[in-house]
Each structure stands twice: as structure tokens, then as C-alpha cells.
Amino acid sequence: MPYKHVIGSGRALRHAVAAWRALAPDMELREVDLEAPDGYAALQVLLDGFDPADSGGATAFVATDARFLNFHRLELMGSVRARGIPMPPLVERGAIVGEGVRILDNSWIGAGAVIQPGCRVGFNVVIGPGAIVCAGAGIGQSAWIDAGVTIGREARIGRQATIGMGVCIAHEVEVGTLCVIDRPGRIDADVAPKTFIQTSHAQPIRIFGA
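Residues numbered from 1 in each chain as written. Predicted model: local features only at pLDDT ≥ 70, side-chain atom pairs only at ≥ 80, totals over all residues. Heavy atoms only, no water.

S.K.: Help me understand the overall build of the protein chain, please; the structure alone is not making it clear to me.
M.R.: On a plain count of helices and strands, the protein chain comes out with 3 helices and 22 strands. Its C-alpha atoms give the protein chain a radius of gyration of 17 Å, near enough to 17 Å, the size a compact globule of 210 residues would have. Principal-axis analysis of the C-alpha atoms places the extent of the protein chain at approximately 50 × 40 × 25 Å. A buried classification covers 47% of the 210 residues belonging to the protein chain. For the protein chain, the share of sequence-separated contacts (at least 6 apart) that also reach a separation of at least 24 residues comes to 30%. In the form shown here, the protein chain has an accessible surface area of approximately 9,800 Å², with 55% of it arising from carbon and sulfur atoms. (Helix = DSSP H or I, 4+ residues; strand = E, 2+ residues; numbered from the N terminus. Rg over C-alpha atoms; globule rule 2.2 N^0.38 Å. Buried < 20%, exposed > 50% of the residue type's maximum accessible area, 1.4 Å probe, protein only. Contact = heavy atoms within 4.5 Å. Areas by Shrake-Rupley, 256 points an atom, 1.4 Å probe, with all protein chains shown as cover.)

Encoded structure:
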């Protein structure tokens, strides 16, 4: 019987395991909890011992949060994918995915999210419960779209960007690579790469030369 390695930590890992169990109740799930004392050692054993030719159809999914500008999740996914382990996306029950939507490896679409027709979702993206991604929008690799966020029609979200709860990105707006927007409100103009719009700062902060 095919099985799935679910790799991650904390609430994200627990949520992912429950979601996969609901989607595929007969599939064996093998958890790798990175917060356990031997978590990273167990991951290394998995990677070192994996043989795609003799895997029995095994797949994997990485589930962690948006800390460290999503680099941690991206690095974990890269390590797994480099060993040839398939990483199909997780589309939870209750999510609505329109016609012609492309969702790449290890992406996660939460329950109640709506992905309208023609959207492109890169690999390792998280789109939280109840988020709305309007028609024709593009979400770059390893972006994090929190619960309830709205991404407007034909908008573009750069790779490893983080869009927090309460944010609405207007139609056709482009948010650059490695941006963090977690101040609730509407974003009506393009946001340059590496810009931080946060509740902790009165004005946007932009990182140069990094």
C-alpha cells in the first residue's frame, strides 16, 4: 500500500496529518516530527534510505510555518525533492479550485479557500483557510497567504512573500519577492521586493543590498 511521509513541526504538522487522513483514510502516514529529540536524524535516515525505484509509490509532504521568510520550509522541501520523492499538493476538503488552475508540488490549499479559474500557484505555497485568490492571479514559489486573505484578479505575489491575515491585495497589484505584509488593510499599489509592511512599524521598511 502506498504511504506518505509527513514532515514538519508543531501545529502545521498536526493539521497536515489530519487533512491528509481526511482525504485518504486508507493511506499510511509516517510522521517525521522535527521538534522531537531525534527529528532531524529521522529525516536524514529517511532521505539517505529512499530509493525511488523501490519506494512502493511513497510520497511526501512538508508542513511548517512561515518563520524565517519561508526559507526553512523551502530548504526542507528541496532536500526531499532532491531524493526523487514525489510531493503532490494538499488541497483540503472544502477548498474550491476553479478550471485551469495549476498547483505545483508541496503546495497547501486550506479548507474553504477559493482559487478562481486561471490562477497559477507555484511550488511550496501555503494558501490558508478561507483565502480568496481571484481569477488569473499568480502566486510565486514558497509564498505564504494567510487565512482569509484576498488576492485580487491578475495580481502577482512574488516568491517567498508572506501576506498576513486581514490583508487584501487589489486587482493587478504586484507584490515583490520576500515581502512581508501583515498590517491589515488594502494594498492598492505595487510593493517593491523585500518590503516589510507590518503593524510593528509606522512606515514600510525596505531592505537594500541583501
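S.K.: Got a minute to help me understand the sheet that holds strand S15 (residues 156-157) in this structure?
M.R.: The strands that make up a sheet pair up through hydrogen bonds in the backbone, lying either parallel or antiparallel. Strand order across the open sheet formed by 5 strands is S6-S9-S12-S15-S18, with parallel pairing between neighbours. One side of each edge strand has no neighbouring strand; the edge strands of this open sheet are strand S6 (102-103) and strand S18 (174-175). Pairing of S6 with strand S9 (residues 120-121) involves 2 bridges; the strand directions are parallel. What sits directly across from Ile103, in S9, is Val121. (Pairing = 2+ DSSP bridges.)

S.K.: I would appreciate a short explanation of the packing of aromatic side chains in the present structure.
M.R.: For any pair of aromatic rings, geometry is given as the distance between the ring centres together with the angle between the planes. Here the structure, examined in full by the defined rule, presents 2 aromatic pairs. Between Trp20 and Phe61, the aromatic rings sit 5.7 Å apart at their centres with planes inclined by 70°, giving edge-to-face as the arrangement. In this pair, Trp20 sits in helix H1 (residues 10-23) while Phe61 sits in strand S3 (residues 59-63), placing the two residues 41 residues apart along the sequence. Judged on exposure class, the residue Trp20 and its partner Phe61 are both buried. Ring plane angle 80° and centroid distance 5.6 Å describe the contact between Phe61 and Trp108, whose orientation is recorded as edge-to-face. Pair noted here: Phe61 is in strand S3 and Trp108 is in strand S7 (residues 108-109), with a separation of 47 residues, a long-range link. (Phe/Tyr/Trp six-rings, centres within 6.5 Å; stacked < 30°, edge-to-face > 60°.)

S.K.: Mind showing me how you'd approach the pattern of salt bridges here?
M.R.: Any two side chains of opposite charge can pair if their charged atoms end up close together. Inspection of the entire model under this criterion finds 6 salt bridges. Measuring nitrogen to oxygen at the nearest pair gives 3.0 Å for the salt bridge that ties Arg30 to Glu28. Residue Arg30 is classed as partly exposed on the basis of its relative accessible area, which comes to 33%. Salt-bridge contacts for Asp105 lead to Arg81; the nearest nitrogen and oxygen are separated by 3.8 Å. Of this pair, Asp105 sits in the loop between S6 and S7 while Arg81 is found in helix H3 (residues 71-82), placing the two residues 24 residues apart along the sequence. Overall, the relative accessible area of 36% leaves Arg81 in the partly exposed class. (Salt bridge = Lys/Arg side-chain N within 4 Å of Asp/Glu carboxyl O.)

S.K.: Even after reading the chapter, I still don't get the layout of surface pockets, so can you show me in this structure?
M.R.: Where empty space is left in the structure can be found by rolling a water-sized probe over the atoms. A volume near 430 Å³ is recorded for the largest pocket. Along its surface, the largest pocket is lined by 21 residues, and Arg11, Ala12, His15, Asp65 and Trp144 are the ones closest to its centre. Among the elements of the structure, H1, strand S10 (126-127) and strand S13 (144-145) are those that each provide at least two residues to the lining of the largest pocket. Examining the composition of the lining of the largest pocket, we find that 4 residues originate from one element, H1, more than from any other. Residue composition of the lining of the largest pocket, by class: 8 nonpolar, 7 polar and 6 charged. (1 Å grid on protein atoms, 1.4 Å probe; cavity = no way out; pocket = protein on both sides within 12 Å on 5 of 7 lines; lining within 4 Å. Points joined across faces, edges and corners; volume = space filled by probe spheres on them. Nonpolar A, V, L, I, M, F, W, Y, C, P; charged D, E, K, R; others polar.)

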